[in-house]
Amino acid sequence: MKTSIYILTLLPLSLAVCGCKSDSKDTKITRPDLPKEVRNVAEAIENESPSQFASAVTYPIERPYPLPDVKDSAEMVNYYTQMIDEPIKKAVKEKPDSLWQQEGWRGWTLENGAYFWIDEGKIYDITYMSKKETQMRDSLQSLEISSLEPSLRKDWTPVACIMDTVSGAIFRIDSKMDIDPPVYRLAGYSSESDLSGTPSIILYGTLDLEGSMGNRYYRFSDDNGTTAEYTPDVSEDDEEPRIEIDRKGHSKRYYAKPSYWLDHVKRPHHGKPTHPNVDSMNIINIK
């Protein structure tokens, strides 16, 4: 994972050595009374062992945007103390064993998904966000919004950044959460655009959660009949997320790769990656 210089400036200098002391304990705590499906996770947290915890995780682990995702065990060892803080340690150590439960296809969890989800003995989703992560996320959100054209800043919160793997076009999604229901905004920039300037396209819409897995569907439109749909959740292994934009019956598909806005801002060109089966129809002002 490429990490922007902005993210690096926010991480404490001790990040790279966070696991050394914890892993030096001679006596390892065991939890034989817990179900075997969750035992490795609980023991890793009780032992305060970054390496033991990293081995009990399925990667990548998604973090709330614009925090970077954790892509492998090496990154998890370094990131451990940012994520696993005293409240989650206390919950694992002190919550009754009865609060570790299996919830159908979602797997095992502690206290109804308040912290993480486990499948086949490994964490695949961490729903908890530590105080340190919250501070880092808030700082990155402020940096992102301050980089936008001034009229796009007020009361908006970053949700996602997406790069088209064909053209290098950049899209971002922001939200206004103080409105019921929340409003979402899609802004698109061509690969040559100044990201601090006016977007090539702006649409507004909603977020819908569908199906038993709660897949996310962002749907946008404008007063001229242009519509767009984006879902970051794909149902098949060979699929990839796409942004579909339709203007007056003409459709354009963008192959959407999750990215980080601060990795692109202030760059004059984003580059133009290639992708097979390119739809060459250009129906909006995004190349």
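Refer to the structure printed above.
One structure accompanies this document, and this report is about it. Computed from a prediction, not measured in an experiment: that's the story for all the values here.

**Details of the environment of Thr206**
Here Thr206 shows up in strand 8 (residues 201–210). Judged by its relative accessible area of 34%, Thr206 falls in the partly exposed class. In the structure, Thr206 is positioned 23 residues away from Glu229 in sequence and 9.9 Å away in space, judged by C-alpha atoms. Leaving out residues up to four positions away in the same chain, Thr206 has contacts with Tyr184, Tyr217, Tyr218 and Arg219.

**Notes on helix 6 (residues 131–146)**
Over its 16 residues, helix 6 runs 23 Å from end to end, which matches the ideal 22 Å to within 8%, given 1.5 Å per residue. Residues of helix 6 that are buried: Glu133, Met136, Leu140, Gln141, Glu144 and Ile145. Down the axis of helix 6, the buried side of the element spans an arc of 160°, and every buried residue falls inside it.

**Observations concerning the environment of Val38**
Note on placement: Val38 falls in helix 2 (residues 36–46). Look at Val38 and you get buried, because its relative accessible area is 0%. Residue contacts for Val38: discarding those within four places in its chain leaves Trp100, Trp108 and Ile118.

**Comments concerning the pairing of strand 8**
Direction of pairing for strand 7 (residues 183–189) relative to strand 8: antiparallel, over a ladder of five bridges. Bridge pairing links Ala187 to Ile202 in strand 8. Sheet analysis places strand 8 next to strand 9 (residues 215–221), joined by seven bridges and oriented antiparallel. For Leu209, the partnering residue across the bridge sits in strand 9 and is Arg216. In textbook terms, the turn of a hairpin is the stretch between consecutive antiparallel strands, and for strand 8 and strand 9 this stretch comprises four residues, one of which, Gly211, has a positive phi near 80°.

**Description of the pattern of salt bridges**
Following the criterion strictly, the structure yields 17 salt bridges and no others. For the salt bridge of Arg253 with Glu244, the shortest nitrogen-to-oxygen distance reads 2.7 Å. Note on Arg253: relative accessible area 33%, which makes it partly exposed. Each of Glu48, Glu86, Lys89 and Lys93 takes part in one network of salt bridges that share partners.

Calculation rules
Residues numbered from 1 in each chain as written. Predicted model: local features only at pLDDT ≥ 70, side-chain atom pairs only at ≥ 80, totals over all residues. Heavy atoms only, no water. Helix = DSSP H or I, 4+ residues; strand = E, 2+ residues; numbered from the N terminus. Buried < 20%, exposed > 50% of the residue type's maximum accessible area, 1.4 Å probe, protein only. Contact = heavy atoms within 4.5 Å. Expected span 1.5 Å × (residues − 1). Arc of directions from axis to C-beta. Pairing = 2+ DSSP bridges. Salt bridge = Lys/Arg side-chain N within 4 Å of Asp/Glu carboxyl O.

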